[in-house]
Amino acid sequence: MAAQRTRGATASLAQAQAEAPELWAVSDFLLSMVESLWACSGNGSGFKMDAALKAQQELEKVEQQIAQMESIAGASTDSHKQLEELRQRVEALRKQIYAHLNAWEKTELARHPQRPNTLEYIERVFTDWSEIHGDRGFSDDPAIVCGMARFHRQEVMIVGHQKARDTKQKVYRNFGMPNPEGYRKALRAMKIAEKFGRPVFTFVDTPGAYPGLGAEERGQAEAIAHNLREMARLRVPVITTITGEGGSGGALAIAVADRVLMMENAIYSVISPEGCASIMWRDASKKELAAQALRITAPDLIQLGCVDATVPEPEGGAHTDQEAAAALLDASLQKHLAELQQLPVSELVASRYNKFRNMAQFFSVES
Amino acid sequence: MAWFKRQSGELDTSGEKKVRTEGLWVKCAGCRQIIWKKDLEDNLNVCPKCEKHFRIDARTRLSQLLDDNQYEVDDQDIASTDPLKFVDLKPYASRLKQAQSDTGLKDAVLNVRGKLNGRPVIVSAMEYSFIGGSMGAVVGEAITRAVERAASCRTPIVIVSASGGARMMEGVISLMQLAKISAALAKLDDTKVPYISVLTDPTTGGVTASYAMLGDLNIAEPGALIGFAGPRVIEQTIRQKLPQGFQRSEFLLEHGMLDAVVPRKQLKPYISRALDFMLAAA
């Protein structure tokens, strides 16, 4: 219904191109419709989920119209004032809708093609990056990047999953899905950091470890298992940030850390919502339900005690303003690194052990 | 006129069938032979004709490994609380209840202390028929406790895996169990107490990607499915038919991922031999 009216409005918009006030009336009408659509929808129900998505789409259309108006509004201060008012309403509504983003929408945000990837964060947060390659056994896996860098003049090691933007790069990076070599390279880099007493930052953004024939032949499971065990006893501070998708064992294999941070719109899960839906519901289209049931968003993970803190993102998500996202990440990393560097090594390792030992204790004990 | 005539009226079909052959014979999935069940059991549930290893439950496993089938059970005091209140086509809580009444276990693992050829050992045996042997918070805690017990009592530990992986119904909580158990194994490794991982059909997903691959020795029964991703997922990803025997024990042995493939009959002597080696050095 709403979509129909918008289409009608766009048509009339074309006719009224020259007349800004009329256009303003159309936008105003549309916006109040979106507002009421949002207000009417129930709270927290499945209907609310649909409403949030729909309202978001409508809001984008209204924004386009406002942009159009701007170009024809001319110098009239009156129309500018009106436009400003309109824009404020849009902003307020966006905030409201955004707060209600459900697990599936967060999943889509976490996978957003424009979301900053590891190398982009490295470029903005760190300096003097020099990459190191290869697992010394089989090959170099481009799906994981490792390297030395400086973080506010401190020498640090960085390990992270790497996704990419264009198709060619995506294929080269294997869509951020590492093979065993990637995990072995990651551990090798972490061991170098341990040897020379440098802190390790890891960045997680992967759909999961690559489920391929070669990966199985070369021991995907063994590579992950080995990383889990060795990271648990690494004798330097380790800080992990889940920047996008935290896909199961493939994510955890570089995420056994003293601090596990999660960006506001990231997800962390034992299985993708699609995978879960096709196994448990026998229907991949139930992905929204599965996403909700799996509890994969940052607030869920905080509540379950599986991550330590959330890193805020700019309004609308990290992809809307990469610089701001990087600045927020930088601030969080600084704070946590400073805290960890207060601890002596033995205490650091002991508290990491205790953290994972006492994590996710959800069972009843009979007396 | 008919040649034969029924003297006593209608056939009586009301009474129960007297002859029951069900449960006496088993068809082997490997060689399609019909085997008398008792023969199969006498042969440790291995097909006498084709050596196919049938899946066995945790208790049977313990009876085969431990002396005189004597052991003390630990950690049966913990049970899942369904932390996510997970409901798919069926509530997880009712799946749990069903599995508990079917197996008589609280969850998919049985921790015991017993003797193996006279030497004290700790064994954690997984129960595949309990929701696919999947690992949630309870399995994670139980195995961690067993590992910690092994470290503190300086008693060797054997973990017999049979699991589809992490338990989806506990979401990310089950994922964290991988880290938890692996951390405990790092500590055990530091104490130099032996850990032997036995992989049985099937061992996949998060279990393979954590403790099952972290033994001082990783050994498997013949023909067991062992891998990280399931064969169907791989087939869909690479869009090719998988080679014969892919992800079976022998395949892993060939690719250097296992120390040995040990037939069920030799399992106990093999572990005993390995412990001789490891403990003599300590």
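Here is what the cut-offs are and how they apply
- Residues numbered from 1 in each chain as written.
- Chains lettered and ligands numbered in written order.
- Predicted model: local features only at pLDDT ≥ 70, side-chain atom pairs only at ≥ 80, totals over all residues.
- Heavy atoms only, no water.
- Helix = DSSP H or I, 4+ residues; strand = E, 2+ residues; numbered from the N terminus.
- Buried < 20%, exposed > 50% of the residue type's maximum accessible area, 1.4 Å probe, protein only.
- Contact = heavy atoms within 4.5 Å.
- Areas by Shrake-Rupley, 256 points an atom, 1.4 Å probe, with all protein chains shown as cover.
- Pairing = 2+ DSSP bridges.
- Right-handed = clockwise from strand over helix to strand, strands pointing away.
- Salt bridge = Lys/Arg side-chain N within 4 Å of Asp/Glu carboxyl O.
- Axes fitted to C-alpha atoms, helices over the stretch in contact; angles between N-to-C directions.
- Buried area = accessible area lost by both parts, 1.4 Å probe.
- Polar contact = N/O pair within 3.5 Å; in protein donor to acceptor, adjacent residues only side chain to side chain.
- Nonpolar A, V, L, I, M, F, W, Y, C, P; charged D, E, K, R; others polar.
- pLDDT = per-residue confidence, 0-100.
- Core = buried A, V, L, I, M, F, W, Y, C linked by side-chain atoms within 4.5 Å.

Chemist: Honestly, the overall build of chain A in this entry has me stumped. Any pointers?
Modeler: Across its full length, chain A holds 16 helices and nine strands. Taking all 367 residues of chain A together, the buried fraction comes to 54%. The contacts in chain A between residues at least 6 apart in sequence include a share of 72% that link residues at least 24 apart. Summed over all atoms, the accessible surface of chain A reaches about 15700 Å², with 52% contributed by carbon and sulfur.

Chemist: I tried to follow the pairing of strand E7 (residues 157–163) of chain B on my own but got confused; where do I start?
Modeler: Two faces belong to every sheet, and in a regular strand the side chains alternate between them. Residue and element names in this part refer to chain B. Within E7, seven of the seven residues are buried, which leaves the element mostly enclosed by the surrounding structure. The side-chain alternation of E7 yields two buried faces, one formed by Ile157, Ile159, Ser161 and Ser163 and the other by Val158, Val160 and Ala162. In terms of strand pairing, strand E6 (residues 119–126) meets E7 through four bridges, oriented parallel. Bridging from a neighbouring strand, Ile122 pairs with Ile157 of E7. Once the chain exits E6 it traverses helix H4 (residues 137–153) before rejoining the sheet at E7, and the crossover so formed is right-handed. Between the parallel pair E7 and strand E8 (residues 195–203), the chain is carried across by helix H5 (residues 171–191), and the sense of this crossover is right-handed.

Chemist: How should I be thinking about the pattern of salt bridges in this particular structure?
Modeler: Proximity of charged atoms lets side chains of opposite charge pair with each other. All names here are of chain B. What the rule picks out here adds up to 44 salt bridges over all chains. Arg61 is the partner of Glu221 in a salt bridge, and the nearest nitrogen-oxygen pair spans 2.7 Å. With Glu221 in the loop between strand E9 (217–220) and helix H7 (231–238) and Arg61 in helix H2 (residues 58–65), this residue pair connects regions lying 160 residues apart in the sequence. Look at Arg61 and you get buried, because its relative accessible area is 5%.

Chemist: Whenever I open this one, the sheet that holds E9(B) confuses me. Can you help?
Modeler: As a general point, the strands of a sheet are linked pairwise by backbone hydrogen bonds and lie either parallel or antiparallel. Residue and element names in this part refer to chain B. The strand order E3-E5-E6-E7-E8-E9-E10 describes an open sheet built from seven strands, whose pairing is mixed. Either end of the sheet is taken by a strand with one partner, and the two such strands are strand E3 (71–74) and strand E10 (260–261). Docked against the sheet, H2 engages E3, strand E5 (109–116), E6, E7 and E8, running at close to 10 degrees with respect to E5.

Chemist: Explanation requested: the interface of chain A and chain B in the structure shown.
Modeler: Often, the extent of an interface is quoted as the loss of accessible area on bringing the components together. If you look at the interface, chain A gives 48 residues, while chain B gives 59 residues. Between chain A and chain B the total buried area reaches about 4700 Å² when both faces are included, carbon and sulfur atoms providing 71% of it. If you sort the residues of chain A by the area they bury against chain B, A:Glu216, A:Met280 and A:Tyr353 come out on top, with a joint share of 15%. Summed over the shared surface of chain A and chain B, the number is four salt bridges. Remark: the boundary between chain A and chain B carries 13 residue pairs in polar contact (both at pLDDT 80 or more). Ranked by residue count, the leading element in the side of chain A that touches chain B is helix H10 (residues 220–232) of chain A, at nine residues. For the side of chain A that touches chain B, the residue count by class is 30 nonpolar, nine polar and nine charged.

Chemist: Is there a simple way to think about the confidence of the model for chain A in this case?
Modeler: Any residue range with low pLDDT should be treated as having predicted coordinates unsuitable for detailed reading. Mean pLDDT over chain A: 85, with 85% of residues reaching 70 or higher. Confidence over residues 1–14 of chain A falls short of pLDDT 50; this stretch has 14 contacts with residues more than four positions distant or in other chains.

Chemist: Please clarify how the nonpolar core should be interpreted in this entry.
Modeler: The tendency in soluble globular proteins is for nonpolar side chains to be buried as a group. In this structure, A:Phe126, A:Tyr268, A:Leu333, B:Phe86 and B:Tyr211 are the most contacted members of the largest nonpolar core, which totals 145 residues. No other element matches H5(B), which puts 11 residues into this core. Excluding residues within four positions of it along the chain, A:Tyr268 makes contact with A:Ile242, A:Gly246, A:Ala251, A:Leu252, A:Ala255, A:Met262, A:Ile296, A:Leu301, A:Val307, B:Val172, B:Leu175 and B:Met176. Judged by nonpolar contacts, the second largest core, of 24 residues, contains B:Val112, B:Val121, B:Leu275 and B:Met278.

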